[in-house]
Amino acid sequence: MAAPAAHPTETISWWREAVIYQVYPRSFADSGRDGEGDLRGVTDRLPYLVSLGVDALWLCPFYPSPQVDGGYDVSDYCDVDPRYGTLADLDALLAAAHAGGLRVIIDLVPNHCSDRHPWFTAAVAAGRGSPERARFHFRDGRGTDGAEPPTNWRSVFGGPAWTRVREPDGSPGQWYFHLFAPEQPDFDWGNPEVLAEFERILRFWLDRGVDGFRIDVSDALIKDTTWPDTADGSPVIPKGDDGGPHPIYRAFRRVLDAYPGERAAVIETGAPDDVVALFLRPDEMHLAFSFRFLKAGWSAPAARAAIEDTLAANARVGAPATWVTDNHDTPRSVTRYAADTALAGAYVPDAVAGAHLDLARGTRRARAMAVLLLSLPGAAFVYAGQELGLPNVDDLPDAVLQDPVFVRTGGEVRGRDGCRVPLPWSGDAPPFGFTADDAAPWLPMPPAWRDLTVAAQDCDPASMLALYRRLLALRRSEPSLRTGTVTWLDAGPDAVVIRRESEGGRALLVVVAMGEEPVPLPAGEVLLASTPGPLDGVLPPDSAAVLAVAS
Ligand code: NOJ
């Protein structure tokens, strides 16, 4: 193995106020000609991320995988899928990122693996009652000949959460549990072998120099193994101190803390704020996405409630908040904000389908939301392409859709491919520099993206990219944008007006106009606005500004 990449040396808790850029490797940049992004493509484009001004990147799964669920079906946790490159490419990426001052966190998928993972194929082959089966949830079925699943639980992706195997002698056999697709069997975290294996996996990557992890489906590792039927088929998943997965995260934390350089983890959980906070206690994980904020959509009262509740819950355990509006599971916010319906969460990407879309309005609102996102205390995530103002691609032909949700719901839910279309870098026509000109990107790119390429936006001071660069630079120079207190000022139901103050920083106001009417601007020096042109004392609807004000 190559020597671990050199580590950035600061001793502050970098993760407490980091801006982390999410890279979906398949869609970021293709250094070859196969139409799929790869790790060398990411390394080649690191100067772009450095000039953008983010602190770190999160790499979505790049592990060997049959790609049934975009790589969240891992068949080997300690290698790189050949479609993305090699371990040497990953080492090179880490070294180049660290040399550029960027940290790198990677996805950890502990809830389930691929049905091609050697543990699972061994479990199927080994038969009933074997130690191999004890690493997963294998159960006998109910009813005549065990032909009915052990519970009525439904999978997140649609259909039953149980699939029946054939026993080694060819007879119809036991059932195994999968919270997601049948090709994603859940580990049994009640078996200590599973924790030991994941501790090994964590150390494998920490030894290579990664700065931390984003932990997939982190709150669902433990199931109620009395397997009760439920009224609506929802799985029963304990998340609290009584039977929940907290001992697992304490063990993970001990592994991370044994390494220098403040290795950190961000967890993915849709649990209520007070439950999320349990995972953020000082001896558990570091950050948790605020999906409340993502789901607040374009609504001042919902945004305020999400911000206040997240901050209050996290403050009780001394953890910073983590703000996010976009990711690879959710329709892009330009499109969500373009619709009249303001809400759209993970796994319901079709919430905006059929709604009247005004993309110019969605773009104005996404610009304003970027100001709010990057002006709140704590960490923030930016999903690749968000800084370009990409809309969701809602007209992908059925034949190219790859999300298992599409097939498992019989085409009823189109799935998440629309937010995973490759990034446009340059040029006037697809593939816009994403891959070789004569190669086909793995999802088709809209010709209209010629105006949204990095090259097209690079020198345009009015572009979304320019706004993100200015915002990130302002966030670096103004401590009160990254840390400190949030005080709400009353400006009516359709505006967010918050005062931001921190020790050592100057007082700032962040104003977001979320209604139909302009919002009068308080006295102060406008440092940045989401709209081009002078403001003249009022903020137009669908816009935001940051002002320096008297202390
Ligand atoms: C959450 C991931 O973000 C999503 O893409 C994936 O399908 C599920 N977890 C299952 O791993």
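**Topic: the domain arrangement of the chain**
Line of reasoning, step 1. Under the domain assignment, the chain is made up of domain 1 (14–112 + 192–394 + 447–467), domain 2 (118–177) and domain 3 (485–548).
Line of reasoning, step 2. Look at where the C-alpha atoms of domain 1 and domain 3 centre, and you get two points 28 Å apart.
Line of reasoning, step 3. Across the contact, 21 residues belong to domain 1 and 19 residues belong to domain 3.
Line of reasoning, step 4. On the domain 1 side of the contact with domain 3, W298, A300 and V371 bury the most area, a combined 29% of that side's loss.
Line of reasoning, step 5. Its salt-bridge partner being D542, residue R364 comes within 3.7 Å of it at the nearest N-O pair.
Line of reasoning, step 6. For the pair domain 1 and domain 3, the interface holds 5 residue pairs in polar contact (both at pLDDT 80 or more).
Line of reasoning, step 7. Going through the elements one at a time, helix 10 (300–315) and helix 12 (359–373) are the ones with two or more residues in the side of domain 1 that touches domain 3.
Line of reasoning, step 8. Looking at the side of domain 1 that touches domain 3, the element that brings in the most residues is helix 12, giving 8 residues.
Line of reasoning, step 9. Along the lines of polarity and charge, the residues of the side of domain 1 that touches domain 3 split into 12 nonpolar, 3 polar and 6 charged.

**Digging into the sheet that holds strand 16 (residues 525–529)**
The strands making up a sheet associate through backbone hydrogen bonding, with each pair oriented either parallel or antiparallel.
Line of reasoning, step 1. An order of 12-13-14-18-16 is seen for the 5 strands of this open sheet, with the pairing classed as antiparallel. Each edge of the sheet is formed by a strand with only one pairing partner; in this case those strands are strand 12 (485–488) and strand 16. Averaged over all adjacent pairs, the angle separating strand axes in this sheet is 25 degrees, with direction ignored.
Line of reasoning, step 2. As paired strands, strand 16 and strand 18 (residues 543–548) are joined by 4 bridges and run antiparallel to one another. Within the sheet, the bridge partner assigned to L528 lies in strand 18 and is V546.
Line of reasoning, step 3. Strand contacts of helix 10: strand 12 and strand 13 (495–501), with the helix running at about 140 degrees to strand 12, the strand carrying the most contacts.
Line of reasoning, step 4. On top of the sheet, helix 15 (residues 464–477) reaches strand 16 and strand 18; it is set at about 135 degrees to strand 16, its chief contact.

**Section: the packing of helix 6 (residues 192–208) against helix 7 (residues 246–257)**
Line of reasoning, step 1. Between helix 6 and helix 7, whose axes approach to 10 Å, the crossing angle comes to 30 degrees. Considering their axes alone, helix 6 and helix 7 lie roughly parallel with respect to each other. Considering only the axes of helix 6 and helix 7, their crossing is right-handed. Across the interface between the two elements, L195, F198, E199, L202, R203 and L206 of helix 6 pack against I248, A251, F252, V255 and L256 of helix 7.
Line of reasoning, step 2. Among the residues making up the contact of helix 6 with helix 7, the classes are represented as 9 nonpolar, no polar and 2 charged.

Procedures and definitions
Residues numbered from 1 in each chain as written. Predicted model: local features only at pLDDT ≥ 70, side-chain atom pairs only at ≥ 80, totals over all residues. Heavy atoms only, no water. Domains from an automatic or database assignment. Contact = heavy atoms within 4.5 Å. Buried area = accessible area lost by both parts, 1.4 Å probe. Salt bridge = Lys/Arg side-chain N within 4 Å of Asp/Glu carboxyl O. Polar contact = N/O pair within 3.5 Å; in protein donor to acceptor, adjacent residues only side chain to side chain. Helix = DSSP H or I, 4+ residues; strand = E, 2+ residues; numbered from the N terminus. Nonpolar A, V, L, I, M, F, W, Y, C, P; charged D, E, K, R; others polar. Pairing = 2+ DSSP bridges. Axes fitted to C-alpha atoms, helices over the stretch in contact; angles between N-to-C directions. Parallel < 35°, antiparallel > 145°, perpendicular 65-115°, else oblique. Left-handed = near helix turned anticlockwise from the far one by under 90°.

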